[in-house]
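Each chain, written out:
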Amino acid sequence: MTLALIYDFDGTLSPGNMQEYDFIPAIGKGNREFWDNCNRMAEENDADPILTYMNEMIRQATVNGVSLRREAFAESGRKVELYAGVESWFERIDRYGEKKGIEVVHYINSSGLREMIEGTSIARHFRKIFASSFLYSVDGVAYWPGVAVNYTNKTQFIFKISKGIDSVYDSKAVNRFVSEQDRPVPFSHMIYIGDGTTDIPCMRLVKEKQGHSIAVYNPADRKVGHSLRQLVEEHRVNFVAPADYTPGSRLEEVVHAIIDKVAADDRLQLLEL
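Figured I'd write up the structure that's included with this text. If you're wondering where the values come from, they're calculated on a predicted model, not measured in any experiment. (Residues numbered from 1 in each chain as written. Predicted model: local features only at pLDDT ≥ 70, side-chain atom pairs only at ≥ 80, totals over all residues. Heavy atoms only, no water.)

**Description of the packing of helix 5 (residues 86–99) against helix 10 (residues 250–272)**
Cut-off, in case you're wondering: Inter-axis angles, ranging from 0 to 180 degrees, are taken between N-to-C directions of lines fitted to C-alpha atoms, where helices are fitted over the stretch in contact. Only runs of H or I of at least four residues qualify as helices and only runs of E of at least two qualify as strands under DSSP, and these elements are numbered from the N terminus. Angles are sorted into four bins: roughly parallel if under 35 degrees, roughly antiparallel if over 145, roughly perpendicular if 65 to 115, and oblique for all others. Here a crossing is called left-handed whenever its near helix is offset anticlockwise from the far helix by less than a right angle, and right-handed whenever the offset is clockwise. Contact between two residues is taken to exist if any of their heavy atoms lie within 4.5 Å; hydrogens are not considered.
Two elements in contact, helix 5 and helix 10, have axes whose closest approach is 10 Å; the angle formed by their N-to-C orientations is 30 degrees. With respect to helix 10, the element helix 5 is oriented roughly parallel. Remark: the crossing between helix 5 and helix 10 carries right-handed chirality. On the side of helix 5, the interface is formed by Trp89, Arg92, Ile93, Tyr96 and Gly97, while helix 10 contributes Leu251, Glu252, Val255, His256, Ile259 and Asp260.

**Describing unusual backbone geometry**
Notably, aspartate 46 is not glycine yet its phi reads approximately 50 degrees, a positive angle. In the Ramachandran plot, glutamine 210 falls in the positive-phi region, its phi being about 75 degrees despite a non-glycine side chain.

**Quick word on the packing of aromatic side chains**
Defined as follows: To pair, rings of Phe, Tyr and Trp, with the six-membered ring standing in for Trp, must have centres within 6.5 Å; the planes then decide the type, stacked if under 30 degrees apart, edge-to-face if over 60, and tilted in the middle. Classification of residues uses two cut-offs on accessible area relative to the type maximum, computed with a 1.4 Å probe and protein chains only: under 20% is buried, over 50% is exposed, and between them is partly exposed.
Overall, the coordinates contain 10 aromatic pairs when judged by the stated rule. Aromatic side chains phenylalanine 73 and phenylalanine 134 sit 5.5 Å apart centroid to centroid with 20 degrees between the ring planes, which places their arrangement in the stacked category. With phenylalanine 73 in helix 4 (residues 70–77) and phenylalanine 134 in strand 3 (residues 126–136), this pair connects stretches of sequence that are 61 residues apart. Overall, the relative accessible area of 1% leaves phenylalanine 73 in the buried class.

**Quick word on helix 2 (residues 31–45)**
Short version of the rule: Helix span, expected: 1.5 Å multiplied by one less than the number of residues in the helix.
The end-to-end C-alpha distance of helix 2 is 22 Å, a good match for the 21 Å that 15 residues give at a rise of 1.5 Å each. Those residues of helix 2 that are buried are in contact with helix 1 (23–26) and helix 3 (49–64). Of the residues flanking the end of helix 2, it is aspartate 46, one or two places downstream, whose phi is positive at about 50 degrees.

**Some points on the environment of serine 227**
Along the chain, serine 227 turns up in helix 9 (residues 222–233). The spatial distance from the C-alpha of serine 227 to the C-alpha of valine 240 is 10.0 Å, given a sequence separation of 13 residues.

**Observations regarding helix 7 (residues 155–162)**
For helix 7, the buried fraction is high: six of the eight residues fall into the buried class. Every buried residue belonging to helix 7 is among Thr155, Phe157, Ile158, Lys160, Ile161 and Ser162, and all of these are buried. Where the residues of helix 7 are buried, they touch strand 1 (2–7), strand 2 (103–113), strand 3, strand 5 (190–194) and helix 8 (200–208). Within two residues after helix 7, glycine 164 carries a phi angle of roughly 75 degrees, on the positive side.

**Comments concerning the pattern of salt bridges**
Applicable threshold: In what follows, salt bridge is the name for a side-chain nitrogen of Lys or Arg lying within 4 Å of a carboxyl oxygen of Asp or Glu.
Inspection of every chain in the model, using the stated rule, returns 16 salt bridges. Two residues, aspartate 199 and lysine 154, come together in a salt bridge whose shortest N-O distance is 2.7 Å. Residue aspartate 199 is found in the loop between strand 5 and helix 8, and its partner lysine 154 is found in the loop between strand 4 (142–147) and helix 7; the two are separated by 45 residues along the sequence. Lysine 154 matches aspartate 199 in its accessibility class, with the two residues each being buried. Arginine 236 serves as the salt-bridge partner of glutamate 234, at 2.4 Å between the closest nitrogen and oxygen. Residue classification places arginine 236 among the partly exposed positions, given a relative accessible area of 22%.

**Re the sheet that holds strand 4**
How we decide: Whether two strands pair comes down to DSSP finding at least two bridges between them.
The seven strands lie next to each other as 4-3-2-1-5-6-7, forming an open sheet whose pairing is mixed. Unpaired on one side and paired on the other, strand 4 and strand 7 (239–242) mark the two borders of the sheet. When the angles between neighbouring strand axes are averaged without regard to direction, this sheet yields 25 degrees. With four bridges joining them, strand 1 and strand 5 adopt parallel strand pairing. Pairing of tyrosine 7 across the sheet is with isoleucine 193, part of strand 5. Along the sheet, helix 3 makes contact with strand 2, strand 3 and strand 4, crossing strand 3 at roughly 60 degrees. Packing of helix 5 onto the sheet brings it into contact with strand 1, strand 2 and strand 3, and relative to strand 2 it is tilted by some 150 degrees.

Next comes the structure, spelled out in structure tokens:
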């Protein structure tokens, strides 16, 4: 029995946007200046904000002599800060799942950069990192967006995970009919953890398909936590919790309870046979 825990990254596992820890300072910009430029470019050209931020990264790095090699992005990823408890979270949840007879697998579904996430200390815990990424020249230098994961096309990766597809390119297998009970990860065996509005399409999809979704927020910002509770009232998420991954936290308590429920539901189904 397999259960998939699917995470956004920025604002979910990390307090900020991953570019803000190393890349933006390296190009000599402030965070607000960089993102304002990206958003203005998207608005003026009626363009995708993810593609515009990736284009701006290439443009600014080229102008300011900052490396666009994959290794440089990975090095930036090593400087990304994580929420409290994240480092030990995955092994703890895996052990809890094992006690209940469940194999827990972890996925990333992010609009951030795969190359930076791959440089973080937690990258080894993910079966697959679905995220935006660049194409690289023969010299290993990024020159064009290869994958741009925006707020709505994130949902395609939920279906890929359900059907056991790890390829971004493959659009045929994901459209083949596979009954829910025959899928490697039924929707009822999914937990989606995101940080609010940008993850709403995925959180709502998982919830409506009988899985569970959790909206998390920076523990230092209780006002955001209060506003997110509206998502529960609107039936778009199941739970709201601080992004506190330490042992005994509310988030851990909720995830443990969901694992208990999935294990109990599966036992009941076997008794019905």
